[in-house]
Amino acid sequence: MKKRILIVDDNAFIRNGLKKLLKKADYDACVAADGLEAVERFFAEEFDLLILDLDMPRKDGWAAAENITRLKPFVPIIIMTGMPNQRAIASAAGMSAIFEKPFDPEDMIETIGVLLDEPRSNHWLRRRSWLPDVQRIPKTKFVSSRGFGRGMIPSRSSCALPASAGRLVAAD
């Protein structure tokens, strides 16, 4: 059975682009336009992973993530954002990965595969940084890109498709 992924972004171009990318990678991808719709849809259906933008109307990504993880703490969550300085917050909140827009779609596909293959308990443990077992699991993955070019997932403010290859940076 295909893994189900919920993509949440208020930008239809990004939602639909990621949906096509994930379907091509053999995932069952669904979309939501904001945090409120994401929470409703997440609890009405079964999803294996959540890709969540932060800056959205009605309910932002942080609020949606909090609502979801309160009842489903084992779900991996990937944050994608054009907002600066969210890395430390994502790590402290126990998110599985954070992607700064623009980013390389191949980095997203690779990260999804890794997160879906790791033990579900890792996602729960990342949110409990005070526990000694946390030291043994992978930290929040941080992915950032510089410049603009073909094949990239854009930021909200960019008109053209983003550019250079994604650059992986180890989390602190």
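Up top is the structure these notes are about.
Residues numbered from 1 in each chain as written. Predicted model: local features only at pLDDT ≥ 70, side-chain atom pairs only at ≥ 80, totals over all residues. Heavy atoms only, no water.

Caption draft 1: Quick peek at helix 1 (residues 12-24). With 13 residues, helix 1 should reach 18 Å at 1.5 Å per residue; the first-to-last C-alpha distance of 18 Å fits that figure. Taken together, the buried positions of helix 1 are occupied by I14, R15, L18, L21 and L22. Buried residues along helix 1 cover an arc of 135° about the axis, so they all sit on one side. Across from the buried face of helix 1, at angles greater than 90 degrees, the exposed residues are F13, K20 and K24. By the N-cap criterion, in which a side-chain oxygen at the helix start approaches the backbone nitrogen of a residue two or three places on, helix 1 is capped by N11, the distance to F13 being 2.8 Å. Count one or two residues on from helix 1 and you reach D26, which has phi positive near 75°. (Helix = DSSP H or I, 4+ residues; strand = E, 2+ residues; numbered from the N terminus. Expected span 1.5 Å × (residues − 1). Buried < 20%, exposed > 50% of the residue type's maximum accessible area, 1.4 Å probe, protein only. Arc of directions from axis to C-beta. Polar contact = N/O pair within 3.5 Å; in protein donor to acceptor, adjacent residues only side chain to side chain.)

Caption draft 2: Structural detail: the pattern of salt bridges. Counted by the stated rule, this structure contains nine salt bridges. When the shortest N-O distance is used, the salt bridge between K72 and E46 registers 3.6 Å. Here K72, found in the loop between helix 3 (61-71) and strand 4 (77-81), pairs with E46, found in the loop between helix 2 (35-44) and strand 3 (49-53); they are 26 residues apart in sequence, far enough to count as distant. Given a relative accessible area of 30%, K72 falls into the partly exposed group. By relative accessible area, which is 56% here, E46 ends up exposed. Residues E66 and R70 are paired through a salt bridge, measuring 2.5 Å at the closest nitrogen-oxygen approach. Of this pair, E66 and R70 both sit in helix 3, four residues apart, which is roughly one turn of the helix. For E66, a relative accessible area of 45% translates into the label partly exposed. For R70, a relative accessible area of 58% puts it in the exposed group. Among the charged side chains, a salt-bridge network with shared partners connects R4, D28, R41 and E45. (Salt bridge = Lys/Arg side-chain N within 4 Å of Asp/Glu carboxyl O.)

Function cannot be read off these values alone, since they describe shape.
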